[in-house]
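Chain by chain, the residues run as shown.
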Amino acid sequence: MALTRDRIIQTAEQLIQETHHSEVTLDQIAKTLGITHAALYKHFQNKQALWEAVAAAWFQREIIDRIQGEAAITPQNRLHNWLWAFVTAKKNAYHTNPQMFALNTRYIDNHPQALRQVLTPAYQIISQIMDYHDRHNERAETILAAFAIFTLPNFKETWDDPDYAQRFERSWNLIKAGL
């Protein structure tokens, strides 16, 4: 089987799941794949790039791809429901897969450029829902930033607070007039 970026990413994630630890080494990945450590660098510039790719693939699959849209309601209501589904998916990912959540936090959420790249599909969905036509998704990025307390790992300890849904609705009510 040919060595591909996807195969390396899948192997890294598999090792994280098997070891229940986000600190898998490049040597462990290489050994599992039956290649040298150096062969990994043919596909990834450095360790950071590999872990960003692993975290980004997980984020896309476990958060973005799990959100279902509703077409029969107003764009504003669709956006509200999509944002709620997004923050709920992030919270569920934190609870169901702490190892991958930790990896995502370390290599994506703590690196603004990587975070922006990983969130681009979310920005595109928001822009599509609201029929925004800005090339760089600036309006969508601003909307999602308003909900950072519900998505950034620094706030994860508040995600199970009893007033979580009420806090989300208060945030929504603050931004909806400016949509």
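Residues numbered from 1 in each chain as written. Predicted model: local features only at pLDDT ≥ 70, side-chain atom pairs only at ≥ 80, totals over all residues. Heavy atoms only, no water.

(A) Here's a closer look at the packing of helix α4 (residues 75-96) against helix α5 (residues 98-109). Look at α4 against α5: their axes get within 6 Å of each other, and the N-to-C directions meet at 120°. Considering their axes alone, α4 and α5 lie oblique with respect to each other. Note on element contacts: α5 touches α4 through P98, F101, N104 and D109, opposite K90, A93, Y94, H95 and T96. Taken together, the residues of the contact of α4 with α5 break down into four nonpolar, three polar and two charged. (Axes fitted to C-alpha atoms, helices over the stretch in contact; angles between N-to-C directions. Helix = DSSP H or I, 4+ residues; strand = E, 2+ residues; numbered from the N terminus. Parallel < 35°, antiparallel > 145°, perpendicular 65-115°, else oblique. Contact = heavy atoms within 4.5 Å. Nonpolar A, V, L, I, M, F, W, Y, C, P; charged D, E, K, R; others polar.)

(B) Spatial organisation of helix α7 (residues 138-145). Among the residues of α7, A140, I143 and L144 are the ones counted as buried. For α7, the arc enclosing every buried residue in end-on projection is 95°, short of the 170-degree limit, so these residues lie on one face. The exposed set on the far side of α7, more than 90 degrees from its buried face, consists of T142 and A145. Lining the buried residues of α7 we find α4, α6 (112-130) and α8 (164-175). (Buried < 20%, exposed > 50% of the residue type's maximum accessible area, 1.4 Å probe, protein only. Arc of directions from axis to C-beta.)

(C) Spatial organisation of the pattern of salt bridges. All chains considered together, the criterion is met by eight salt bridges. R61 serves as the salt-bridge partner of E13, at 2.3 Å between the closest nitrogen and oxygen. Remark: R61 occurs in helix α3 (residues 47-62) and E13 occurs in helix α1 (residues 5-19); sequence separation between them is 48 residues. Classification of E13 by relative accessible area gives buried; the value is 10%. Connected through shared salt-bridge partners, E13, R61, E62 and R66 make up one network. (Salt bridge = Lys/Arg side-chain N within 4 Å of Asp/Glu carboxyl O.)

Nothing here speaks to function; it is all geometry.
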